[in-house]
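Analysis of the macromolecular model
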Amino acid sequence: MRGKKLVLILAVMLVASLSLFAQASSDSDSYKIGFIGPLTGDNSAYGVFCRQAAELAVNQANANGGIDGKMIELIAEDSEGSVERGLAAIEKLSSSDNIVALVGPVLTGTAFAVGERCQNEGIPMISPSATHADITNIGDYIFRTIVSDGLQGQVAGTYFYDVLGYRNIGCLYVMNDYSKGLYDGMKAAFEAKGGTVSAVETGNVGDKDFRTQLTNLKNSNVEAIYIPNYTVEMAQMLEQAAQVGITVPFLSCDGFSNPDIYALAGDFTDGVIYVAPAPAKESDLHTKFVSEYEAAFNMSPDSFATNAYDATNIIIEAMRSAGTDRAAVRDEIAATKDFVGASGVINFAPNGDLVAYQAIYKVEGTTPVYQGSYSVDADGNLVQVD
Amino acid sequence: MSFFLLILIYTGIYALMAIGQNLITGYGGMLSLCQAGFYGIGAYATAILTVTFGWNFWATLPVAIGLSALFGLLIGLPTLRLNGDYLAIATLGFGEIVRNVLNNWVSLTNGPMGIQRIPMVEIFGFQINPYRKVAFAILVWVFVVALYFIFKRFAKCRLGRALMAISEDEIAAGSMGINVTIYKVVAFMLGASSAGLAGSFFAVYSLSVTPGSFQFMTSVLVLCMVVLGGMGNFKACILGAFIIQFISYLPQLLGVTNLVPAQAKQVFFGLILVVMMVWRPQGILGREKFTYVKKSAKGIQEG
Amino acid sequence: MFFQHFTNGLTLGGIYALIALGYTMVYGILKFINFAHGDILMVGAYIGMFSFNFFRGDAPLGAWTFFSFVLAMIVSAAFCAFLGMFIERVAYKPLRHASRLAPLLSAIGVSFILSNGAAWLWGTQSKKFDYPFDNTPLMIGGVAITPHQILILVVSLILMVVLKLFVDRTRLGKAMRATSLDQDTALLMGINVNQVISLTFAIGSALAAIGGILIAFDYKCYPTLGMMTGLKAFVAAVAGGIGNITGAMLGGILLGLLETFGVAILGIPMGYKDTIAFAILILILLVKPEGLLGKREKEKV
């Protein structure tokens, strides 16, 4: 009979929570911004970085009086890095919270599923970190403040060939959407120029030991090794590469712009050349953002967090002029022109992709040194813009 | 309300898996930890056949079910003679292999990017849009109810009784003339196929599949549903599916996700598991009793 | 090149072996898969890192850093021993006579609490754990090996021998073996079974802490540190014959070598190395379910 009692208790819990739930969803015309990212689980570090950045943006806006005196509310939901959870999160944000716009999702897989949903419901969505080329092709409500794999990879491949003069490079990537997407993009551009990617090694998500792959690369006579990956994994690779005795230079991606890399990999970062978003010349917004972020959360932001900060600010600006009407907010976001953010000057292409120049940095010791900003023209030629 | 419907849909999808797990674990006493593997096989079968080959969803359903049953046979035939924990480990390994292959076989599964833009389900020319929750919830629950009755039928007849005998004492059951291997493998295949079915529905619900959805944790969750509800009781495992989904979305339901740190929910979930096991290890409803064999069922429970 | 791969595989195997020892210890006595073992290992790594940083202060590399490293190991092992005993008391002991599934699920619950609790307390970022000694690789006949890798191999060998001697030669070890064979009879023979089980958890968890610290130098500290490595180590323990201490060592080393050579020599794409690991596991279980060095248990009717 204990079982029956339990069922009864559960039923009461259910009814009670449903009534609470009905109350929670009443207030609908306030300025609500949703956030979806992995806050727990394997990829939680990236989600937490981005959520904190969005929080910072919202808190700063509220400290300055919000929008017409009304406060902005950020509602963050955990996707646990899975499609299933991500769909539940957007369902909740859209139906019970009635958000105006969404920052996220952080991971590509979730971004596809949630993006379809946002497009269908007409919720403007800006992802700070989903790089897959097809995401913005879902529809006109989907934007991102990160360049697609295609563009970053293209600049990388062309730069490696044209400027650095490499003809034969190796690559080590792991089987996740971010790492593999960058590899695909770089390889296409590098081979279109006439270079060869002669040694390719892969790993799994969550791997920490890359010695086998690195030993193979060491024996492959490549001129340089491209390691597009997240910060922690790159730190592992650099340290272990030194241990197995690799002397050729390493090439990398925007994951390297996270200052954590210097804490984790120390001197092993010396000589790495990486591609990252071009800095904003007109302002010191980036340094300001970093110091404010560090003051608030006691850790340094990575480049995804910087993107999330900008995405949130773009949405807040759009809401200032368009109110809470989702369609009007979308139009405002699409019309964003030369928005000066912490990650640089932001414009959106007609399909919602970020139009940005890519900067090249070379690490000397543990300090990145700016080498110039580039874009690639329609014929695949590298154009230096700064 | 729409969010509540989503929980109902997820409950339905997990209930399909839990019903299968119940036949394997609740009746057969086999500790299997690879429902997520079969779930993934079903989901990818539907995704690949609809997107790459342009099949209709309904045509992919038997393939998804058949394919997961086939893998159930392949993995079950050799491993089911292992007992207890060894079987758990072997099935755990199989589940990890499925995920690993889905993630790496780029030419077939598109690797970590997954497969997007799976077409919606159509029934008699009527499109079941997963954004309109009611129709989809009805669709899933029709299958849950159907599977419930089918599996209950299985469990009540020879198969179920044979399985219970095997789980009580394999050697004694064998000496009574029960073909242990066949019954075990059949139960395993049936359980696997129910997870394949669930996978198909998940694919057309989320309209995209990525390898990340089919992790070891999913298998563990399904097992928790069965144990929490009550082993050997199909109603209970549907209840278990609901309770676990309900708990895991409780902060969202209450609208307190901003107040509670994301990890707190998981810690709470862990606490519930521990407390539940310590307090009531037979699950909420406990094992279902056979009315027409009251005496022997009682004997089994006491023994 | 062959020897470099061999060294890499050997040291990777050393890591698996180190964790597998703890798994095998608990399983050998209780016939129970402690799913939370990997998470205790993670907690051990964090505690070790905090206490190492505390003891070390600002001291440069030298004798003092190594001494504080040893101190940190002791602190962390002691902490985890108590943690393990506490977990056993609260989450497993009440379930000793329940169905086999109950403690398994309870352990999964504990694993959830530990890993998410750690993420809550200490954040999800990887934290660097500085080497307490100069980790410049040594070149031995063209093969690079770091002092840290040597340390892992040495420590796992020492622990294996010590454990083996403890279980085989001491009175307590005898009590453990008796408990493992038949708890009720052991109780009748005057063995305090509760104490023995408690002690088993304490030792297993202390081993996990030492393993955690040694691994964290290479892998850094993060809340899911124990998960995949722990799962693989468990595979190694089963393959070697779970409950068998030498088997755990052998299984670990073998798994490390197979993963490395499957990729390096056979040319299997690295992404599939988990498939290799688990396929080998299933194969071993099929051919020799008791593992490479395990003893066959007779089925009683």
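Conventions and cut-offs
- Residues numbered from 1 in each chain as written.
- Chains lettered and ligands numbered in written order.
- Predicted model: local features only at pLDDT ≥ 70, side-chain atom pairs only at ≥ 80, totals over all residues.
- Helix = DSSP H or I, 4+ residues; strand = E, 2+ residues; numbered from the N terminus.
- Buried ≥ 20, exposed ≤ 12 C-beta atoms within 10 Å, placed from the backbone.
- Contact = placed C-beta atoms within 7 Å.
- Pairing = 2+ DSSP bridges.
- Axes fitted to C-alpha atoms, helices over the stretch in contact; angles between N-to-C directions.
- Arc of directions from axis to C-beta.
- Nonpolar A, V, L, I, M, F, W, Y, C, P; charged D, E, K, R; others polar.
- pLDDT = per-residue confidence, 0-100.
- Parallel < 35°, antiparallel > 145°, perpendicular 65-115°, else oblique.
- Left-handed = near helix turned anticlockwise from the far one by under 90°.
- Core = buried A, V, L, I, M, F, W, Y, C linked by C-beta atoms within 7 Å.
- Domains from an automatic or database assignment.
- Right-handed = clockwise from strand over helix to strand, strands pointing away.

What follows covers the overall build of chain C. Secondary structure summary: chain C contains 11 helices and two strands in total. If you list the helices and strands of chain C from N to C, you get α-α-α-α-β-β-α-α-α-α-α-α-α. Here chain C, with 301 residues, has 58% of them falling under the buried criterion. Expressed as a percentage of contacts within chain C between residues at least 6 apart in sequence, the contacts between residues at least 24 apart total 76%.

Let's shift gears to the interface of chain C and chain A. Contacts between the two partners involve 26 residues from chain C and, on the opposite side, 27 residues from chain A. It is helix α1 (residues 2-30) of chain C that contributes the most residues to the side of chain C that touches chain A, four residues altogether.

A few words now on the sheet that holds strand β4 (residues 125-127) of chain A. Residue and element names in this part refer to chain A. Judged by pairing direction, the sheet is parallel, and its five strands sit side by side in the order β2-β1-β3-β4-β5 without closing on themselves. Both edges of this open sheet fall to β2 (72-78) and β5 (142-144), since each of them pairs with a single strand only. Between one strand axis and the next, the sheet turns by 25° as a mean value, whatever way the strands run. Bridge count between β4 and β5: three bridges; the pairing is parallel. Opposite I126, over in β5, you have F143 as the bridge partner. Strand contacts of helix α11 (residues 303-322): β1 (31-37), β2, β3 (101-103) and β4, with the helix running at about 165° to β3, the strand carrying the most contacts.

So, about helix α12 (residues 326-334) of chain A. All names here are of chain A. Listed in full, the buried residues belonging to α12 are R326, V329, R330, E332 and I333. One side of α12 carries all its buried residues, which in axial view fall inside an arc of 160°. The inward-facing, buried residues of α12 contact β3, β5 and α11.

In this section: the interface of chain C and chain B. Taken together, the contacts link 36 residues of chain C with 34 residues of chain B. Only α4 (101-122), α9 (227-241) and α11 (273-287) of chain C provide two or more residues apiece to the side of chain C that touches chain B. Among the elements that take part in the side of chain C that touches chain B, α4 of chain C stands out by supplying 13 residues, more than any other. In terms of residue class, the side of chain C that touches chain B is made up of 26 nonpolar, seven polar and three charged.

Let's shift gears to the confidence of the model for chain B. Residue and element names in this part refer to chain B. Summing up the model confidence of chain B, the mean pLDDT is 86 and the portion of residues at 70 or higher is 95%. The least confident element of chain B is helix α14 (residues 294-302), whose mean pLDDT is 45; the most confident is helix α2 (residues 35-51), at 96. Across residues 291-303 the pLDDT falls below 50, and counting only partners more than four positions away or on other chains, this stretch makes four contacts in the model.

The next thing to look at is the environment of A349 of chain A. Residue and element names in this part refer to chain A. Positionally, A349 belongs in the loop between β12 (344-348) and β13 (354-355). Since 14 C-beta atoms lie within 10 Å of it, A349 is described here as partly exposed. Residues A349 and L74 lie 275 residues apart in sequence; the distance between their C-alpha atoms is 26 Å.

Another aspect to go through is the sheet that holds β13 of chain A. Two orientations exist for strands paired in a sheet by backbone hydrogen bonds: parallel and antiparallel. Residue and element names in this part refer to chain A. Pairing within the open sheet is antiparallel, and its three strands lie in the order β11-β12-β13. Each having just a single partner strand, β11 (339-341) and β13 make up the two edges of the open sheet. For β11 and β12, the ladder comprises three bridges, and the chain directions are antiparallel. Paired with G341 across the bridge in β12 is G344.

The next thing to look at is the packing of helix α1 (residues 2-27) of chain B against helix α11 (residues 234-248) of chain B. Residues and elements named next belong to chain B. The contact between α1 and α11 brings their axes to 8 Å, and the two run at 140°. Judged by the inter-axis angle, α1 sits oblique to α11. Where α1 crosses over α11, the handedness of that crossing is right-handed. Facing I7, Y10, T11, Y14, A15, A18, I19 and N22 of α1, the residues of α11 in contact are F234, C237, I238, G240, A241, F242, Q245 and F246.

Time to look at the environment of E364 of chain A. All names here are of chain A. Inspection of the secondary structure assignment puts E364 in strand β14 (residues 358-364). A residue is classified by how many C-beta atoms lie within 10 Å of it, and E364, with 12 of them, is exposed. Note: C-alpha distance between E364 and G271 (93 residues apart in sequence) is 5.8 Å. Once residues lying within four places of it in the same chain are set aside, the contact partners of E364 are D270 and V369.

Let's shift gears to the environment of P60 of chain C. You can see P60 of chain C is positioned in the loop between α2 (37-56) and α3 (63-92). In sequence terms P60 of chain C and L285 of chain C are 225 residues apart; their C-alpha atoms lie 49 Å from each other.

Looking now at the nonpolar core. Nonpolar side chains in soluble globular proteins tend to end up buried together. I315 of chain A, A18 and M225 of chain B together with L281 of chain C are the most contacted members of the largest nonpolar core, which totals 345 residues. Split by domain, this core shows at least three residues from each of two domains, domain 1 (30-147 + 282-355) and domain 2 (150-279 + 358-384) of chain A. Excluding residues that lie within four positions of it along the chain, M225 of chain B makes contacts with Y14, A18, C237, G240, A241 and I244 of chain B.

Glycine aside, residues mostly have negative phi angles, and peptide bonds mostly take the trans form. Following G104 of chain A, the chain continues to P105 of chain A via a peptide bond in cis, the omega torsion being -15°. Mapped onto the fold, P105 of chain A is located in the loop between β3 and α4 (108-121). With a phi angle near 60°, L207 of chain B is a residue other than glycine that sits in the positive phi range. Position of L207 of chain B relative to the elements: it lies in the loop between α9 (180-206) and α10 (216-229). In the Ramachandran plot, K220 of chain C falls in the positive-phi region, its phi being about 70° despite a non-glycine side chain. In this structure, K220 of chain C sits in the loop between α8 (193-219) and α9. With 21 C-beta atoms packed within 10 Å, K220 of chain C lands in the buried category.

To continue, consider the pairing of β2 of chain A. All names here are of chain A. Where burial is concerned, most of β2 is hidden: six out of the seven residues are buried. Of the pairings in the sheet, the one linking β1 to β2 comprises seven bridges and is parallel in character. Paired with K32 across the two strands is E73, which belongs to β2. Handedness of the crossover joining β1 and β2 through helix α2 (residues 44-63): right-handed.

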